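# Coordinates in review
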Amino acid sequence: MKNSYLEKFEKMRIAGKLASKTLDMITEYVKPGISTDKIDQMCHEFIRDNGGYSAPLYYRGYTKSLCTSLNHVVCHGIPSDRTLDEGDALNIDVTTIVNDYHGDTSRMFSVGEVSIKAKNLIDATYESMMKAIKILKPGTKLGDIGYEIQSYIEEKGFSVVRDFCGHGISNIFHEQPNVLHYGKKNTGIELTPGMTFTIEPMINSGKYDTKILNDGWTAVTKDKSLSAQFEHTVGITENGYEIFTESDKGYRKPPYN
């Protein structure tokens, strides 16, 4: 059984490493004055020059290489000529393809000095993801993941987005299972060795309701409250888990220095 997924895990490591290295690379450039289009271009070139391909590019008609979600944008923000301002909170979501396998990860970035509310939201979002990851092992159920995130986040006074979730990922970008970021303990399917999926909580400072803008992609908070997200791609091992998208530089949450 074990040998059946070792080759997959090795490919997932390579794709995941390129995704995390892309975010490591762009970190020093995320500052007031740079456009999200420029971030997209730089990341696209870095992925290409390091033997990969940007999975979002032309995916279901999407025309950019990554997603840049600012402030009250929950996810799937489209890079544009919008330049970053002091105090912006930005999520950059990168998915690479290397040898047909995917690495999917996102991080929040603080542009200059952000508000205390934004900092607290960003910190809580990261911690909720890691709390969920740390319980992963064979026998854990999908509902346990959602419970860890939801119980922690709601205790902090924030809300968990319901309209988007994590997903299975391997040589297919989005596959089963769906990984909800809210839920009840001991519900859902049981995790087994060899499973690979993302955990990517989207957390709002206000209510969890979202809406999609007219571009068909950009999801925003209905109440215009701040939103934050982090994402890792993980695999279930014989006795625990592996994170495929950890930063080589030790970057976890802002400030990155």
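The coordinates are above.
These notes cover the structure that comes with them. (Residues numbered from 1 in each chain as written. Predicted model: local features only at pLDDT ≥ 70, side-chain atom pairs only at ≥ 80, totals over all residues. Heavy atoms only, no water.)

### Comments concerning the overall build of the protein
- Along its length, the protein carries 4 helices and 15 strands.
- Here the C-alpha atoms of the protein give a radius of gyration of 17 Å, agreeing with the 18 Å that 2.2 N^0.38 yields for 257 residues.
- Counting only C-alpha atoms, the protein reaches 50 × 45 × 35 Å along its principal axes.
- Considering the protein as a whole, with its 257 residues, one finds that 55% of them fall into the buried category.
- Considering only intrachain contacts with a sequence separation of at least 6, the fraction spanning at least 24 residues in the protein is 70%. (Helix = DSSP H or I, 4+ residues; strand = E, 2+ residues; numbered from the N terminus. Rg over C-alpha atoms; globule rule 2.2 N^0.38 Å. Buried < 20%, exposed > 50% of the residue type's maximum accessible area, 1.4 Å probe, protein only. Contact = heavy atoms within 4.5 Å.)

### Re the pairing of strand β8 (residues 175-179)
- As judged from the 3 bridges shared by strand β7 (residues 166-168) and β8, these two strands associate in the antiparallel manner. Residue pairing across strands places glycine 166 opposite valine 179, the latter belonging to β8.
- The antiparallel pairing of β7 with β8 creates a hairpin that spans 6 residues between the two strands. (Pairing = 2+ DSSP bridges.)

### Topic: the sheet that holds strand β6 (residues 159-160)
- The sheet built from 3 strands is open, its strands ordered β6-β10-β13 with antiparallel pairing. Looking along the sheet, the strands with just one partner apiece sit at the ends: β6 and β13 (227-229).
- On top of the sheet, helix α3 (residues 116-134) reaches β10 (202-204) and β13; it is set at about 35° to β13, its chief contact. (Axes fitted to C-alpha atoms, helices over the stretch in contact; angles between N-to-C directions.)

### Notes on the environment of asparagine 171
- Take asparagine 171: it is sitting in the loop between β7 and β8.
- Residue asparagine 171 is classed as partly exposed on the basis of its relative accessible area, which comes to 42%.
- The spatial distance from the C-alpha of asparagine 171 to the C-alpha of tyrosine 53 is 13 Å, given a sequence separation of 118 residues.
- Polar side-chain contacts of asparagine 171 include one of 3.1 Å to the side chain of serine 170. (Polar contact = N/O pair within 3.5 Å; in protein donor to acceptor, adjacent residues only side chain to side chain.)

### Focus on the layout of surface pockets
- The computed volume of the largest pocket comes to approximately 460 Å³.
- Taken together, 24 residues make up the lining of the largest pocket; nearest its centre are Tyr59, His76, His167, Phe173 and His174.
- Mapped by element, the contributors of at least two residues to the lining of the largest pocket are β4 (89-98) and β8.
- The calculated volume of the second largest pocket comes to roughly 190 Å³.
- Lining the second largest pocket are 16 residues; nearest its centre among them are Tyr126, His232, Glu246, Tyr251 and Arg252.
- In terms of residue count, the dominant contributor to the lining of the second largest pocket is α3 (5 residues).
- When grouped by side-chain class, the residues that make up the lining of the second largest pocket number 5 nonpolar, 5 polar and 6 charged. (1 Å grid on protein atoms, 1.4 Å probe; cavity = no way out; pocket = protein on both sides within 12 Å on 5 of 7 lines; lining within 4 Å. Points joined across faces, edges and corners; volume = space filled by probe spheres on them. Nonpolar A, V, L, I, M, F, W, Y, C, P; charged D, E, K, R; others polar.)

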